[in-house]
Amino acid sequence: MEIAGHRVPRHGVRILVIWAVLSAIAIPLVVVVLGPHLPPGRMSAQAGAQTDANTVLTALLVPILLLILVFLGYAVFAFRQEGSAIQDGPPMRGHNGIELTWLLVTATIVVALAVWGSYTLVKSSPGSGGGQGPSAPFAPSGSSQAVPIQVIGQQWAWTYRYPSYGAFETRDLRLPVNTLVAFHVTSLDVTHSFWAFRLGVKADAVPGVDNIAFVKARDVGSFTIRCAELCGLWHGHMSGTGHVVSTADFHAWAAEQQTAQEPFSKYLGPFSRAYFPLPLHRAG
Amino acid sequence: MPEPFQREHRTLWQGVLGFNVLSAIVLGILGFFVGAWIGDRIAAGHDYLIGTDQNDVAVFMGYLFGTVGWLAGLGFLNYPLSRMAGRPASLRHHEFGGVGRYFRLCTDHKVVGIQYFFGVGIFFFIGGLNAMLMRTELLRPVEHPFSAGQYLSLVGLHGTMMIMMTSAFIVGPFANFLLPLMIGARRLAFPRIEALTFWLTPLAGLVLMSAIAGNGFPTGWTGYAPLMVQARSGMDAYIFAFILIGTSLTLLGLNLLTTVLTMRAPGLTWSRLPIFVWGVASTAILMALAAPVLIAAMLMGLMDRAANTGFYLASLGGSPYLYENLFWFFGHPEVYILALPGFGIVLEILPVFARKPLWAYRLAVAGMLGVALLSFMVWQHHLFVSGMNASLRPFYMLTTELISIPTGFIFLNGMGTLWRGRIRFTVPMLFALAFFFNFLIGGLSGIFLSDVPSDVTTHGSYFVMAHFHYTIMGGLVFAFFAATYYWLPKMLGFTLHEGLAKIHFWLMFVFFNLTFFPLFAAGFVGMPRRVSTYAPGLQNLNDFVSASAYVLGFSMLIFLANLIYSLVFARVPAPDNPWESKSIEWQLPTPVPVLDFDRIPVFNTTPYEYGVEDAPPVASLEPSPVPAGS
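What you are looking at is a predicted structure, and each value in this text was computed from that prediction instead of being measured. (Residues numbered from 1 in each chain as written. Chains lettered and ligands numbered in written order. Predicted model: local features only at pLDDT ≥ 70, side-chain atom pairs only at ≥ 80, totals over all residues.)

## A short note on the overall build of chain B
Let me state the cut-off plainly: Counting from the N terminus, the helices are DSSP H or I runs at least four residues long and the strands are E runs at least two residues long. To get the radius of gyration, use the C-alpha atoms; to get the globule rule, take the number of residues to the power 0.38 and multiply by 2.2 Å. Residue burial is a threshold on neighbouring C-beta atoms within 10 Å of the residue's own C-beta, all placed from the backbone, with 20 or more meaning buried, 12 or fewer meaning exposed, and counts in between meaning partly exposed.
When helices and strands are tallied, chain B shows 21 helices and two strands. A compact globule built from 630 residues should have a C-alpha radius of gyration of about 25 Å, and chain B, at 25 Å, falls within 12% of that. Sorting the 630 residues of chain B into buried and exposed places 60% on the buried side.

Structure (structure tokens):
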């Protein structure tokens, strides 16, 4: 290309070529090398869907990142003013075609992302392991047969209750593998958030609310539980370990707990789905 | 130049004893104790307070009377009281005079801008110091050297200092100082309200810091109820400071919006408006519409704490969700209150140092207004796992991702302006380019948080923390320093030392990225925010981040040293137009005269006519007088 007798390099072509080469290297690296290490892993169906989402998003965002970084890097080197003289550049004010293309491309990407995110949330991995409130609009198939586990947060500990086993209570979370589980998360005092990282579950524990999250574990193993919403002094210590066990082990353990607690649990009234704490208590 | 107002002559003792910041502090403290005493008399026997060991009514009454004392001490009541007594009073205060102007009620927009620069800057440094202490705690995975309670106080103070106190980090100094110059207006629409918006800010900062005396507050900057209702009296300081800042932001927003709508000089059409003015105007819309919601949320929290009303308490028929909704209905526009002026700054600076017109001006305007509009429709993405409104999640996912479109416009403007430009790497330009680098990473990481399945992993983790530090610190603070190095010579009349400025830039840019990029990884492996203890396996990563953060903090000290060196020791007078900019503020003498312009200028064109043959100057500063009625 020539402007006023001077040969002008094809900057745009160069930028696109550099970008295409870098993207062609980076995208497979993201998918093959980084992808398997992206959180939260594949311990449950829901965690797997989240890992897929993180992998696809990274693979999609890396070329966008590269495009702008390559452009900025190229511009910084190619369009720098040598010496101290101040010269003006060409007075370009815009280009309808480029502006419209940019608008259409970005709009297509974000609408596609929203559609794909909604499809994952509603259809392919209903709920995606997140808390959905008492009505749980995006429930996986077979949710009416899910094993209910009530998760009760309080400052600063988690308690678990198993309504289908005589409502025994424990500080030791166990759930059966390959079985749909419904966590009913609530709180006795302030807002907490039940976060089982590897299991791909996060649901706020809000006083007065029964917040439901579904999960179907695939692998036997243990996972860390933390509180993900600031809840006061010992928020950082509100952690524990949960276990995914085989169905037979789970039933044996649950039956044992149920029998052990039977002598007093039979005198308790029906338990509540949500709690309404008194406001007078003031802590640090 | 004719001086229509009498220069005030005052002796030293009149200066010290008059209405200024000293009398404001004295009357403010006096007011606090009077109010606390009255509150104690009112509420001491109240049932609700008998059940607790503290009297929130007294604390709030103290802050309220303290505020009245502070404003009376500054002289905000002189005008209405004089008029009530039938005496003539001037609406303009202390516009002439020396350094003393900066410590009292002054209605000169340039003085208010510089007051904001130093006033907000102090709180920025206190917030930064808190961050250094937090990183010290995180050197080890156990509670050392601070206790869990001390660490939470630091978290709360750092967050509120940085987000509450620095809401007007760019708009305060630069819009107050520059907007009237850029639109040829001599002043904002309401100069006394302009002074009030500033003087509420240091008061809010002092109230906020008084939280330390009340054992701090354990909620972080978000102040979620019911923890807010449960917390001890440090929380009252948080609530009252946020009410003061909310008032200040609302008034500032209305003031700026009125000014831009009604006070543009002749010839300054909407398509000739400097892009920074568009950034400020879209921010002003957000301030005027979002901050009142914050005030309402805080007043309900105040009532819950002082009068047991139960707006946010499930046991009394209220809902914790009510607070979360109101807070984030303010809170999400708030992050754009921080970001939008930054967009305006970098797009204002890029054409000057690329020597090209701003590329696709109308797209930049559309981008800013689009962000402002959409920012009111996305707030529930902070609440994806809260259990609230689950069926509306696809809607909030869509609106949140749509906001990337107008934000993308700003990137296209930047790229188009750089394209085949003649780029000069001055310090403001370096900060502006770094803004794009940081904001790109910050913006793209936000896509993970807008996608519900991905957000279930990352919500409440260090990923979120890294994301918003990339947008707010990487965006707002870098834009702030771009603006500082660009305009401070015009504002203060002295040149800043360039070598120190470049050291500041490179240390800040490199160590900002080394501090916050690893924290994406910390979030991805499951480290929650706001904890003083973490998994021992993450110690190396956290130590690396802490070490980088110390250097980042040190780079701020270099800026401070540069400021002190350049203003106190070197004192090299700044030329009128050191950057060869075509914008109107650089056509004025340095320092800018008290009345800005001898005549109201007439604008001829946009301020970006670089490389245009025979372009007229942006404005005629000495327009020929037009006979009345012509």
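From this point on, the discussion continues.
## A look at the overall build of chain A
Note the cut-off: Residues are treated as contacting if the C-beta atoms built from their backbones sit within 7 Å of each other.
If you tally the helices and strands in chain A, you get four helices and twelve strands. For chain A, whose C-alpha radius of gyration is 27 Å, the value lies well above the compact-globule estimate of 19 Å for 284 residues. Dimensions along the principal axes, computed over C-alpha positions, put chain A at roughly 100 × 45 × 30 Å. Sequence-distant contacts in chain A: of pairs separated by 6 or more residues, those separated by 24 or more amount to 71%.

## Digging into the interface of chain A and chain B
Rule in force here: Charged residues are taken to be Asp, Glu, Lys and Arg, nonpolar residues to be Ala, Val, Leu, Ile, Met, Phe, Trp, Tyr, Cys and Pro, and polar residues to be all remaining types, Gly included.
Listed per partner, the contact involves 84 residues of chain A and 83 residues of chain B. When residues of the side of chain A that touches chain B are traced back to their parent elements, those giving at least two are helix H2 (45-78), helix H3 (96-124), strand S8 (192-196), strand S9 (201-205) and strand S11 (221-227) of chain A. Per-element tally for the side of chain A that touches chain B: the top contributor is H2 of chain A, with 13 residues. Residues that form the side of chain A that touches chain B fall into these classes: 46 nonpolar, 29 polar and nine charged.

## Some thoughts on the domain arrangement of chain A
Many structure descriptions define interface size as the accessible area lost when the parts assemble. All names here are of chain A. Rules: Annotation comment: domain bounds sourced from an automatic or database domain assignment.
Domain boundaries assigned for chain A yield domain 1 (2-78 + 114-124) and domain 2 (143-265). Taking the mean C-alpha position of each, domain 1 and domain 2 sit 38 Å from one another. The partner domain 2 presents 13 residues to the nine residues of domain 1 that form the contact. Taken together, the residues that form the side of domain 1 that touches domain 2 break down as four nonpolar, four polar and one charged.

## Some thoughts on the sheet that holds strand S7 (residues 180-187) of chain A
Residue and element names in this part refer to chain A. Our working rule: Being paired, for any two strands, means DSSP has found at least two bridges between them. What counts as an axis is a line fitted to C-alpha atoms, over the stretch in contact for a helix, and the angles between N-to-C directions run from 0 to 180 degrees.
Taken in spatial order, the five strands make up an open sheet running S5-S4-S3-S7-S10, and their pairing is mixed. Each edge of the open sheet carries a strand with a single partner, namely strand S5 (168-170) and strand S10 (211-216). Strand-to-strand, the axes of this sheet are offset by a mean angle of 25°, without reference to chain direction. The sheet contact formed by strand S3 (residues 147-154) and strand S4 (residues 157-162) spans five bridges and is antiparallel. In the sheet register, Gly 153 faces S4, and the bridge partner there is Trp 158. In the packing of helix H4 (residues 247-265) onto the sheet, the strands contacted are S4 and S5, and the crossing angle to S5 comes to about 110°.

## Regarding the pairing of S8 of chain A
All names here are of chain A. The buried fraction of S8 amounts to five of the five residues, a majority that puts the element mostly inside the structure. The alternating pattern of S8 places His 192, Phe 194 and Ala 196 on one face and Ser 193 and Trp 195 on the opposite face, and all of these are buried. When S8 meets S9, the two strands line up antiparallel, connected through five bridges. Bridged to Ala 196 within S9 is Val 201. Joining the antiparallel neighbours S8 and S9 is a turn of four residues, in which Gly 200 adopts a positive phi near 75°. With three bridges connecting them, S8 and S11 associate as antiparallel partners. Counterpart to Trp 195 in the pairing with S11 is Arg 226.

## Considerations on the environment of Gly 301 of chain B
Residues and elements named next belong to chain B. Tracing the sequence through the fold places Gly 301 in helix H12 (residues 275-307). Note: C-alpha distance between Gly 301 and Ala 89 (212 residues apart in sequence) is 39 Å. Sequence-distant contacts of Gly 301, defined by excluding residues within four places in its chain, comprise Ala 225, Met 228, Ile 239 and Tyr 312.

## Concerning helix H20 (residues 498-524) of chain B
Here is the rule we go by: To estimate the expected span of a helix, subtract one from its residue number and multiply by 1.5 Å.
With 27 residues, H20 of chain B should cover 39 Å at 1.5 Å per step; its first-to-last C-alpha distance of 39 Å lies within 8% of that length. At the C-terminal side of H20 of chain B, Gly 526 of chain B shows a positive phi close to 100°.

## Points about helix H11 (residues 234-262) of chain B
Look at H11 of chain B: 42 Å from first C-alpha to last across 29 residues, which is about the 42 Å you get at 1.5 Å a residue. Counting buried residues in H11 of chain B gives 22 out of 29 residues, a clear majority hidden from the surface.

## As for the nonpolar core
For clarity, the cut-off: By definition, a nonpolar core groups buried Ala, Val, Leu, Ile, Met, Phe, Trp, Tyr and Cys residues that connect through C-beta atoms lying within 7 Å of each other.
Among the nonpolar cores identified, the biggest contains 279 residues, and Phe 183 of chain A together with Ala 241, Ala 364, Phe 431 and Ala 482 of chain B are the most heavily contacted of them. In contact with Ala 364 of chain B, other than residues within four places in its own chain, are Ile 275, Leu 347, Leu 358, Phe 409, Ile 410 and Asn 413 of chain B.

## Details of the packing of helix H6 (residues 109-137) of chain B against helix H9 (residues 191-209) of chain B
Residue and element names in this part refer to chain B. How we decide: Under this scheme an angle from 65 to 115 degrees is roughly perpendicular, one under 35 degrees roughly parallel, and one over 145 degrees roughly antiparallel; angles in between are oblique. A crossing counts as left-handed when the near helix is turned anticlockwise from the far one by less than a right angle, and as right-handed when that turn is clockwise.
The contact between H6 and H9 brings their axes to 10 Å, and the two run at 15°. Taken as axis vectors, H6 and H9 run roughly parallel relative to one another. At the point where H6 passes H9, the crossing takes the left-handed sense. Together, His 109, Val 112, Gln 115, Tyr 116, Gly 119, Val 120 and Phe 123 of H6 and Pro 191, Glu 194, Ala 195, Phe 198, Thr 201, Pro 202 and Gly 205 of H9 make up the contact between the two elements. Grouping the constituent residues of the contact of H6 with H9 by class yields eight nonpolar, five polar and one charged.

## A closer look at unusual backbone geometry
Omega for the bond connecting Gln 155 of chain A with Trp 156 of chain A falls within 30 degrees of zero, at 0°, which places this linkage in the cis form. A cis amide bond links Thr 590 of chain B with the next residue in sequence, Pro 591 of chain B, at an omega value of -10°. With respect to the helices and strands, the residue Pro 591 of chain B is situated in the loop between helix H21 (539-570) and strand S1 (602-603). For Ala 360 of chain B, which is not glycine, the phi torsion reads 60° and is therefore positive. Mapped onto the elements of the fold, Ala 360 of chain B is located in the loop between helix H13 (320-354) and helix H14 (361-374). Non-glycine residue Arg 571 of chain B carries a positive phi angle of around 50°. Structurally, Arg 571 of chain B can be placed in the loop between H21 and S1. Accessibility expressed as a C-beta count within 10 Å gives 11 for Arg 571 of chain B, which makes it exposed.

## Overview of the domain arrangement of chain B
Residue and element names in this part refer to chain B. Along its sequence, chain B is carved into domain 1 (19-87) and domain 2 (112-611). Look at where the C-alpha atoms of domain 1 and domain 2 centre, and you get two points 31 Å apart. Taken residue by residue, the interface counts eleven residues in domain 1 and 13 residues in domain 2. Looking at the side of domain 1 that touches domain 2 residue by residue, the class counts come to eight nonpolar, two polar and one charged.

## Comments concerning the sheet that holds S8 of chain A
Residues and elements named next belong to chain A. Read across the open sheet, the five strands follow the order S6-S12-S11-S8-S9; overall the sheet is mixed. Both outer strands of the open sheet, strand S6 (173-176) and S9, are each paired with one neighbouring strand and no more. Adjacent strand axes in the sheet meet at a mean angle of 20° when their direction is disregarded. Here S6 runs beside strand S12 (residues 240-245); their pairing, made up of four bridges, is parallel. Paired with Arg 174 across the two strands is His 243, which belongs to S12. The sheet strands contacting H4 are S6 and S12, and the helix crosses S6 at an angle near 135°.

## Observations regarding the environment of Leu 121 of chain A
Mapped onto the elements, Leu 121 of chain A comes out in helix H3. For Leu 121 of chain A, a count of 27 C-beta atoms within 10 Å puts it in the buried group. Residues Leu 121 of chain A and Asn 96 of chain A, 25 residues apart in the sequence, show an inter-C-alpha distance of 37 Å. Not counting chain neighbours up to four residues away, the residues in contact with Leu 121 of chain A comprise Ser 128 and Phe 138 of chain A together with Arg 393, Pro 394, Val 452 and Pro 453 of chain B.

## A look at the pairing of S9 of chain A
Taken across its five residues, S9 of chain A has five buried, putting it largely inside the fold. The side-chain alternation of S9 of chain A yields two buried faces, one formed by Val 201, Ala 203 and Ala 205 of chain A and the other by Lys 202 and Asp 204 of chain A.

## Observations concerning the packing of H14 of chain B against helix H16 (residues 404-418) of chain B
All names here are of chain B. Interhelical geometry of H14 versus H16 gives an angle of 155° and a closest axis separation of 8 Å. Considering their axes alone, H14 and H16 lie roughly antiparallel with respect to each other. Relative to H16, H14 is oriented so that their crossing is left-handed. Between H14 and H16, the residues in contact are Leu 363, Ala 364, Ala 366, Gly 367, Gly 370, Val 371 and Leu 374 and Ile 405, Pro 406, Thr 407, Phe 409, Ile 410, Leu 412 and Asn 413, respectively. Counted by class, the contact of H14 with H16 contains ten nonpolar, four polar and no charged residues.

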